[in-house]
Amino acid sequence: MSTPAAIYVRISKDSEKSGLGVERQRKDCRALAKRLGWTVAEVYEDNDVSASDGKPRPSFERMRTAVEVGQVKAIAVWDVDRLTRTPRELEDVIEWADRHGLALASVGGEIDLATPQGRLTARIKGSVARHEVEQASRRIRAKHAELAMDGRHNGPRPYGWDIVGRQAEARLVINAGEAAVLRECVQRVLAGDAIWKIVKDLNSRDIRTSTGKPWVTQVLRRVLLRWRNCGVRTHLGKEVGLGQWQPIIDRETHERVVALLTNPARKTNNRGTAPKYLLTSVAYCGECGGYVVGTAEFNYRLKNGRMRHYPHSYKCA
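Residues numbered from 1 in each chain as written. Predicted model: local features only at pLDDT ≥ 70, side-chain atom pairs only at ≥ 80, totals over all residues. Heavy atoms only, no water.

## Describing the overall build of the protein chain
Rules: Put simply, DSSP H or I for four residues or longer makes a helix, DSSP E for two residues or longer makes a strand, and each gets a number counted from the N terminus. Classification of residues uses two cut-offs on accessible area relative to the type maximum, computed with a 1.4 Å probe and protein chains only: under 20% is buried, over 50% is exposed, and between them is partly exposed. The contact criterion used is simple: two residues touch if any of their non-hydrogen atoms lie within 4.5 Å.
Secondary structure summary: the protein chain contains 9 helices and 13 strands in total. Buried positions account for 34% of the 317 residues belonging to the protein chain. In the protein chain, the share of contacts with a sequence separation of at least 24, taken over all contacts with a separation of at least 6, comes to 57%.

This is the structure:
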């Protein structure tokens, strides 16, 4: 019988969501599995997913389950760093080989996890991949610090500005419409309006965020607290100088906004904070024994035909 195999393909960045990177890997891995006489049971794809940030990879986890239950006896990858970029996770794969007899092959060269030499090769490749991740991270941190010291913007388009130019020539130019909305929000906050009320009004007027999504309270609060609004460049939470862009509000006004929104005495959510249903998750249902939760008011018709009004009620699942 041929060996049931999985193909695992992954690429960290696919900004255009085209999937071309994983498609190239898939083609090479299919050729590899055919040459080894393996039968491909399933292709597991994590497109635009990092293997070094510690976040779950959905397809990798599904493949792990397939290995554990014996559906997969071999894995074909384009290279070991496509499978994992952390030595700890690589040890999991080596453990799969121990417990389930898993075979591993890469387009860059076969790796026999059943032998000490093969495991050493896998560990060396994994360590090199981790080193590359750490070096790339160091370079990115240095680049971000350099941009901050130069007062240049880095990252996606912030609300209130447009990004003009590309890469090193990119600069922020005020978006007149969004800047007007931002100034309005600042004045309303200083006048005592609650952020949730402002959010509700913005959404009713179909005013969207810089990413085109409806506003939520936390997002608007973060936007109002940005020192970028008054032309200040920060890095790692600290002021490093003036930014190379025109401010939307003056610094004195922004400092008033920050003082107001960060005041510990401020009620950041003054809507619905008073407890309404005191027995929620405390009282039990007499029929099923489960917790009851509070519900809205309702009217109940008595046997004599009269209606009784209940301002609050409770029900179980």
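So much for the structure itself; the text now carries on.
## Quick notes on the pattern of salt bridges
Operational definition: Only one rule defines a salt bridge in this text: a Lys or Arg side-chain nitrogen within 4 Å of an Asp or Glu carboxyl oxygen.
Inspection of the entire model under this criterion finds 17 salt bridges. Taken together, the shared-partner salt bridges in this structure form one network comprising Glu184, Arg188, Asp193, Asp201 and Arg205.

## Regarding unusual backbone geometry
Phi is positive for aspartate 206, close to 60°, though the residue is something other than glycine. If you trace the backbone, aspartate 206 turns up in the loop between α7 (195–204) and α8 (217–225). In the Ramachandran plot, leucine 236 falls in the positive-phi region, its phi being about 55° despite a non-glycine side chain. The class for leucine 236 is exposed, based on a relative accessible area of 77%.

## Remarks on the packing of aromatic side chains
Basically, it comes down to this: Here the aromatic set is Phe, Tyr and Trp, taking the six-membered ring for Trp, and pairing holds for ring centres within 6.5 Å; pairs whose planes are under 30 degrees apart are stacked, those over 60 apart are edge-to-face, and all others are tilted.
Counting across every chain of the model gives 3 aromatic pairs. When the ring of tyrosine 159 is compared with that of tryptophan 215, the centres are 5.0 Å apart and the planes differ by 80°; the resulting orientation is edge-to-face. Residue tyrosine 159 is found in the loop between α5 (116–149) and β6 (161–164), and its partner tryptophan 215 is found in the loop between α7 and α8; the two are separated by 56 residues along the sequence. Note on tyrosine 159: relative accessible area 3%, which makes it buried.

## A look at α8
Listed as buried for α8 are Leu220, Val223, Leu224 and Leu225. Contacts made by the buried residues of α8 are with α6 (176–190), α7 and α9 (251–261).

## Re the packing of α6 against α8
So the rule is basically this: Note on geometry: axes are C-alpha line fits, over the in-contact stretch for helices, and angles between N-to-C directions span 0 to 180 degrees. When describing relative orientation, an angle under 35 degrees is termed roughly parallel and one over 145 degrees roughly antiparallel, while 65 to 115 degrees is termed roughly perpendicular and anything else oblique. Side-chain classes follow a simple rule in which Ala, Val, Leu, Ile, Met, Phe, Trp, Tyr, Cys and Pro form the nonpolar group, Asp, Glu, Lys and Arg form the charged group, and the remainder, Gly included, forms the polar group.
The geometry of α6 relative to α8 is characterised by a closest axis approach of 11 Å and an angle of 95° between their N-to-C directions. As summarised for this structure, α6 and α8 are arranged roughly perpendicular, according to the angle between their axes. Two secondary-structure elements touch here, α6 through Leu182, Cys185, Val186 and Val189 and α8 through Leu220, Val223 and Leu224. When its residues are assigned to classes, the contact of α6 with α8 shows 7 nonpolar, no polar and no charged.

## Things to note about the confidence of the model for the protein chain
Here is the rule: Residue-level confidence of the predictor is what pLDDT reports, using numbers from 0 through 100.
Overall, the prediction assigns the protein chain a mean pLDDT of 82, with 84% of residues at 70 or greater. Highest mean pLDDT in the protein chain belongs to α6 (95); lowest belongs to strand β11 (residues 298–301) (66). Long-range and interchain partners of residues 268–273, a stretch whose pLDDT sits below 50, account for 3 contacts in this model, where long-range means more than four residues apart.

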